[in-house]
Structures are given as structure tokens and as C-alpha cells.
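Survey of secondary and tertiary structure
Listed here are the chains, written in short residue letters.
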Amino acid sequence: MVNQQQTHQKHIPERSCVVCRTKAPKRSLTRLVVIDGELHIDPSGKMKGRGAYLCQNDGCWERAMKTNVLNHALKVTLTDDSRQRLSEAMPSS
Ligand SMILES: [Zn+2]
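Residues numbered from 1 in each chain as written. Predicted model: local features only at pLDDT ≥ 70, side-chain atom pairs only at ≥ 80, totals over all residues. Heavy atoms only, no water.

We now examine the coordination of the zinc ion. Protein-derived coordination of the zinc ion comes from C17 (SG), C20 (SG), C55 (SG) and C60 (SG), at a distance range of 2.2 to 2.3 Å. Classification of the site at the zinc ion as tetrahedral follows from its four donor atoms and the range of 105 to 115 degrees in their angles at the metal. Considered as a linear motif, the donors of the zinc ion on their single chain read C-x2-C-x34-C-x4-C. In this pair, C17 sits in the loop between β1 (14-16) and β2 (23-25) while C55 sits in the loop between β5 (50-54) and α1 (58-66), placing the two residues 38 residues apart along the sequence. Each member of the pair, C17 together with C55, is buried. (Donors = N, O, S within 2.8 Å, 3.2 Å for Na, K, Ca; no water. Tetrahedral: all angles 85-135°; square planar, octahedral: opposite > 155°, others 65-115°. Helix = DSSP H or I, 4+ residues; strand = E, 2+ residues; numbered from the N terminus. Buried < 20%, exposed > 50% of the residue type's maximum accessible area, 1.4 Å probe, protein only.)

In C-alpha cells:
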């Protein structure tokens, strides 16, 4: 008999959406990461680099694209390519 006893409680890591600051489990948020000064989407959440999180609210994605919130959070300048990647990864599109 295999006894799969849980010896410790699972801690669910929470992160805040960089736009609306709502806290949510890391997995339900989309991680954005800056690599070589360019913004990338990080679906795995494991890419190395400075990261920020966006929630599932498409309004937050729009604000991320249209305002300077990511510039401040990630010290990155959004290029047209970055905006393109964001719009492609947007939850409701
Ligand atoms: Zn949000």
C-alpha cells in the first residue's frame, strides 16, 4: 500500500496584477517578462528576467498597452512588437 500522506500544506503563490493590483493565484495570471529590453509573454512563468503579471481582465491588458504602467513596473519601453505580442496574448481575443 502506498501511503501518499501530505506532510505539509500546499502554499499557493499569489501575485498582483500590475494594472489593477488584484491579487490572484500565480497560475491564473499571465506573466510578462523583459528579455534584452523587449517585452515577452511568458506562459510557463519560468522565463528568466524581470517579470510582471496581468490578470484575465482584458481591460487591464488594454491599459497595459495604452499606458505607461509597464514602463514603470518593468523599466521597459513598449515597442510595436511588444504591443503586438500583448494583443495576441490578450485573454478575450
Ligand atoms: Zn488586472
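After that view, the rundown keeps rolling.
Okay, the pairing of strand β3 (residues 30-35) next. Burial runs high along β3: five of the six residues are buried. Pairing geometry for β3 and β5, over five bridges, is antiparallel. Within β5, the residue paired with V34 across the bridge is R50. (Pairing = 2+ DSSP bridges.)

This brings us to the nonpolar core. Ranked by internal contacts, the top residues of the largest apolar core, which has 24 residues, are V19, L39, L54, L70 and L86. For this core, the secondary-structure elements that each account for two or more residues are β3, β4 (38-42), β5, α1 and α2 (69-74). Ranked by the residues each element gives to this core, the list is headed by α1, at four residues. Excluding residues within four positions of it along the chain, L54 makes contact with C17, V18, V19, L29, T30, L32, C60, W61, A64 and L86. (Core = buried A, V, L, I, M, F, W, Y, C linked by side-chain atoms within 4.5 Å. Contact = heavy atoms within 4.5 Å.)

So, on to the pattern of salt bridges. Tallied over the full model, the rule gives three salt bridges. With its nearest N and O atoms 2.6 Å apart, the salt bridge here joins R85 to E38. Here R85 is found in helix α3 (residues 80-89), whereas its partner E38 is found in strand β4, with 47 residues between them in sequence. Here K66 makes a salt bridge to E62, at a shortest N to O gap of 3.9 Å. Taken together, the positions of K66 and E62, both in helix α1 and four residues apart, correspond to about one turn of that helix. (Salt bridge = Lys/Arg side-chain N within 4 Å of Asp/Glu carboxyl O.)

Residue placement: D42 occurs in strand β4. Its relative accessible area of 1% is what places D42 among the buried residues. Here the side chain of D42 touches R31 through a polar contact of 2.7 Å, side chain to side chain. Only 3.1 Å separates the side chain of D42 from the backbone nitrogen of K46, close enough to count as a polar contact. (Polar contact = N/O pair within 3.5 Å; in protein donor to acceptor, adjacent residues only side chain to side chain.)

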